[in-house]
Structures are given as C-alpha cells and as structure tokens.
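Survey of secondary and tertiary structure
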Amino acid sequence: MRHRGWLAGLVITLTACTAADAEPGDAATAPEEQRYTGTFTVLESAEHGPQLCPAGALASYPPQCGGPDIPNWDWDAVEHETIDGVSWGDYQVTGTFDGAVFTLTEPAGPPEPSDRQPRSPGPDLDTPCPAPAGGWVLANPATASTEALAATVDYAATLPGYGGLWVDREVEQPPDAPPPAAAPGAILNVAFTGDLAAREAELRAVWGGALCVTQARHPHTRLEEIQAELAGKHGIFSAAVMEQENLVDVQALFDDGLQERLDDEYGPDTVRVTASLRPVPPSDAAPTIYEGTFFVHERPDGPPHACWAVMESYPPQCGGDIEVRGWSWDDVGGEESADGVTWGDYHIRGTWDGTALTLTGPAEPPPPRDEQEDPFPPFDTLCPTPPGGWAILDGALTHSADFDAAYAYARAAPGYVDLWLDRDVPMEDRSATAPAEIVVNVRFTADLATHEAALRSLYGGAICVSQAERTEQELEAIAAEIRTEYDAISSSSYSATNSVWIQVVVDDGLQERLDEQYGPGVVRVEALLQPVD
C-alpha cells in the first residue's frame, strides 16, 4: 500500500522540490509506462515550484493549493496569472505519474470541456417508492410542518439501522392526484437496514407528511467509519457519505487498482472511486478520420475555417466555425472571392484534435442537397389513417376561429406538449366523401380521450391526438441543462419525436453519456464531423 507523501501538503505548506531539466516530450518514457491526462489547476508560489492541485484551489487571491511536483513545467509556454509571487492557471495536462511526481510528456493545453472531466455523479434526490394509488398526501397536516420535519430528521438518525435520509422536493403525482390542500410539497426519504415496517411506524408517530422508507445495505455509522478510515489514505483527497446511494464516494488523483482493492476490503458498492487522472490509451492506434460538409471561409487576417453558421452579408461571415489546417484554395474549385474574403461549400476529411481539423486529403464538392441527411424528421401525422380516410367531421367548425379556439384549449390544458399541422396528407389517405387535406396533430402526456373529446367539440376538421412522455416545459428544461453542462453548438426541443436535439462538432461518446443521464431516445446528438468507416 503506497501512501502519497504530497497528500499532507493539502493542509500544510509543501516543501519545494528541485525541478528537473527535462522538457515536455523529452522524458525518456519506457514504452510500457502508463501516461495519464486530466484538467487541473497548476500553481507555483514562493514555498514550492509548479505543482498539480488535485483538490482544487482555496478561494483566496492569489489562490493557494498544492500537490505533486511537475518538474518540467514551463510558465512561458502557457497563459497564466501572476500576483505577489504566485503563478497559476487551469490546464489539461498529460504525462507520467510515479505516485509523487507528475512529469509532462507533451505541452499543457487549455482545460477540457466540463462534460469530459471525470466527476462523481450528483445526488439523486428522487423518491424510490412508487406513488400511492391516490397520490402523495399529507397523512396528518398537524405534524407535517417545517419544525416537525426538522425534528423527524434528528429522530430518524437515532433509530436502529439508520442508513441515510434525503428530501425529494419535486413530488411526481399520478394523474388522479389529490387536491392541492392535501398534496405535500416534499417527500421525506429514509433508509434503514433492519425492520422497515417497525421503522416506518416509529416515524409515522412524529411525521405526518409524505414518507418513503426503503432498504439500506449499510448503517450510516458504518459509512462514517469508512469515510474516516479512508481520509488521507491511498491518495484520496475527498471522501463523502452519499446517503441516497448508501455508499462512500471518494476522489483520488488516480486509480492504480484502488477501486478493486476497496471492493475487496469493504465489499462491492460500498466505496466508489472517482480518479482525476485518466489513463491515456496506447498511441499505436491509427488516428480517427472524420468527414463533414461545410461552408469554408477565409479572411485576409486569419486561417481558413469550416463554418456551421453563415451570416447574411457580402462577403459572407461565419457565425460559428473551426479552424481547417492544410487547406489550399489552389487545390479546390468553385470558390468565390470579394474584398479579400474567399469562400465555398466543400466536403472535407481530416483528423480532429479538439480545436482544429487537419486535412488528410483534398476537399471535394458537397453532395447534392437531397443526399444530405436532414437532422429533423418531418412533422407527419402520428396516428394511423382511420377507416375511410381522414375526413372533415363537421364542416361548420372548420373556420379560423374554430381552430384558434381548439388551439387555445390545447395550450391551456394540463399535459400539453405541442401542436402542428400535417399539410401533406396523401390522396389515398383522404376520405372520399369529405376529404381532409390537413390533419391537426396535438400531443399530451395524459388523458388523451378527454382532450380529444374537448378538441372535437371545438374543431370539426381531422384531428390526431397522440401520447408523449414529456411536456414541452420538461424538454426545454433538459435542453437548458445541456446548454449549461455540455459544449453544444446549439440545442432545441423537438416535439414530433418528444426529444431534445443538440449539435456538437464531434460525438466523443456524448450520445452514450446522455442516454445514461436522461434515458435512451430523450436526447439526440448530431455531430457535424462523422467518423469515416
């Protein structure tokens, strides 16, 4: 078992070490020596040379932090801040780590996007118990106050087998939910290792609000013991009890088999390890070649760029772009020029390093528009054609005012998702007696029969009412989360598929990560650059 000598420096001043004379990329690394990469604050002060800060920096100015020495760090090669003798910055670093010293094997780069940095999952505050048949209700409003909740939280921790507690403040009710006066604003979740029925009865004696009692694998006291045992050991710089998951979450600089050893020591699913340094795969594999169709644009004062958005001006301007390396206008045709600006549409191939595309072959003309994939499915009718075809059921209710009344009802109705018009109803799908050329599509999350009856009383044309899992507001909330969390070019909700669409330059596993986060089919990732088969 190796103990990291630098770890004590997280709470006391580290002793400066002598820096080696090696330069990034010059280290004599044996072929089998593992390289690691990650994004960190690097800081140098009067007390120590450049060091990697695995636990972040203290919120002071200048900041303070410490960790493994980086003997071949060069401040002249990176952008950084310096004040009062302290130099620092945030970087993605790649190199070797011997348990005490991190040696660069390539120059430091800008920080990685947040979605590519390792991190522990955030707390899941959802309620694991299914909603009761009549919805979540206040069992006894007299003992469902804020004061009663605080007292219950303290009391629960004293009961035998207490495993953890959390409060779910986003109560999901079934369609036949109770009236607002009886509905709780939160659900108290408590986990125990022993007799759940007995524990629930004891809690019900003091708590009259919504309650969910579930099984825990470990008593909370045991998790606290493990947390204390691991603090400062194995290169761990953070340890916390995750009550919802009933485990100890630890963060370490790197995982050299630590997860496996802790599983052996404490049992599976007791301790979860998140490592800040990730192993770099062997570099003997051929680089991935990507391709895509872009508007290529070059100004007199910069290199060529592949644009995914073009501003309407003359000469045109890019609204979003990536640099293209190895480009030569002499090797392509079909370009236009004005005022020193040159541009054209091309299909290009190359390698992607996260900031630029380096061409691996000549550019080609773009494929015909009808061969380019449309990222948005058409707004077709989701219902099957009824017997006899789509028909106008009441010609007296097909005026603009009738449609407006139906639209107003839909938008105000609970569970409304979206409404659209299908104007391309095939002739063979139309009624022979009262053919409908347009089908009004409306989506709701529940009560389809009720909503359809209400809509048909207001509008006499063809109507398709279909089920959706998520409301328009839920889709917009997911899109907003993605815009905040991930490096997306653009995003939008798409009601016809009841999903969120996002656009990125390269999908480096983002689709898979979003499927795990939100569920399959909820978010669809479109990458501008696609791997070449």
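The coordinates are above.
Residues numbered from 1 in each chain as written. Predicted model: local features only at pLDDT ≥ 70, side-chain atom pairs only at ≥ 80, totals over all residues. Heavy atoms only, no water.

Observations regarding the sheet that holds strand β19 (residues 416–422)
Strands sit in the order β19-β20-β21 across an open sheet of three strands; the sheet is mixed. Each end of this open sheet is capped by a strand with a single partner; those strands are β19 and β21 (462–467). Direction aside, the axes of adjacent strands within the sheet are offset by 20° on average. Two strands pair when backbone bridges link them, and β19 and strand β20 (residues 439–444) are joined in this way by six bridges, in the antiparallel orientation. When the sheet's bridge partners are listed, Leu419 is paired in β20 with Val442. Of the strands in this sheet, β20 and β21 touch helix α6 (residues 448–458), which is tilted by about 160° from β21. (Pairing = 2+ DSSP bridges. Helix = DSSP H or I, 4+ residues; strand = E, 2+ residues; numbered from the N terminus. Axes fitted to C-alpha atoms, helices over the stretch in contact; angles between N-to-C directions. Contact = heavy atoms within 4.5 Å.)

A look at the pattern of salt bridges
Enumeration according to the criterion identifies 14 salt bridges in this entry. Where Asp249 meets Arg272, a salt bridge forms, and the shortest distance between an N and an O atom there is 2.9 Å. Here Arg272 lies in strand β11 (residues 271–275) and Asp249 lies in strand β10 (residues 247–252), a separation of 23 residues in the sequence. Of the two residues, Asp249 and Arg272, both sit in the buried class. Residue Asp301 pairs with Arg299 through a salt bridge whose shortest N-O separation is 3.2 Å. Of the residues examined, Arg299 reaches a relative accessible area of 41% and is grouped as partly exposed. Through salt bridges with shared partners, a single network forms among Arg222, Glu225 and Glu229. (Salt bridge = Lys/Arg side-chain N within 4 Å of Asp/Glu carboxyl O. Buried < 20%, exposed > 50% of the residue type's maximum accessible area, 1.4 Å probe, protein only.)

Examining the state of the cysteines
Applying the stated criterion to the full structure yields four disulfides. Covalently, Cys129 is tied to Cys212 through a disulfide, its sulfur atoms 1.9 Å apart. Judged by the sign of its S-S torsion, about 80°, the bond between Cys129 and Cys212 is right-handed. Of the two residues, Cys129 is situated in the loop between β5 (102–104) and α1 (146–156) and Cys212 in strand β8 (residues 210–215); the sequence distance between them amounts to 83 residues. Residue Cys212 is classed as buried on the basis of its relative accessible area of 1%. The residue that forms a disulfide with Cys307 is Cys318, at a sulfur-sulfur distance of 1.5 Å. Here the residue Cys307 occupies a position in strand β14 (residues 305–311), and Cys318 occupies one in strand β15 (residues 317–325), the gap between them amounting to eleven residues. Cys318 shares its class with Cys307; the two are buried. Numbered by position along the chain, the disulfide-linked cysteines of the protein connect as 1-2, 3-4, 5-6, 7-8. (Disulfide = S-S within 2.5 Å.)

Focus on the side chain of Thr471
Relative to the elements of secondary structure, Thr471 occurs in the loop between β21 and α7 (472–485). With relative accessibility at 15%, the residue Thr471 sits in the buried group.

Details of the environment of Thr82
Tracing the backbone through its elements, the reader meets Thr82 in strand β3 (residues 81–83). Aside from chain neighbours lying at most four places away, what touches Thr82 is Ser87 and Trp88.

Structural notes on the sheet that holds β10
The strand order β9-β10-β11 describes an open sheet built from three strands, whose pairing is mixed. Edge positions in the open sheet fall to β9 (236–242) and β11, since each of these has one partner strand only. Each neighbouring strand pair of the sheet contributes to a mean axis angle of 20°, computed without reference to strand direction. The sheet contact formed by β10 and β11 spans five bridges and is parallel. Its bridge partner lying in β11, Val250 is registered against Val273. Sitting on the sheet, helix α3 (residues 220–230) touches β9, β10 and β11, and the angle it makes with β9 is about 175°.

Re the packing of helix α5 (residues 400–412) against α6
α6 packs onto α5 with a crossing angle of 155° between their chain directions and a minimal axis gap of 8 Å. Comparing the axis directions of α5 and α6 gives the class roughly antiparallel. Note that α5 runs across α6; the crossing there is right-handed. Along the contact surface, α5 presents Asp402, Ala405, Ala406, Tyr409 and Ala410, while α6 presents Thr450, His451, Ala454, Leu455 and Leu458. Per-class residue counts for the contact of α5 with α6 are seven nonpolar, two polar and one charged. (Parallel < 35°, antiparallel > 145°, perpendicular 65-115°, else oblique. Left-handed = near helix turned anticlockwise from the far one by under 90°. Nonpolar A, V, L, I, M, F, W, Y, C, P; charged D, E, K, R; others polar.)

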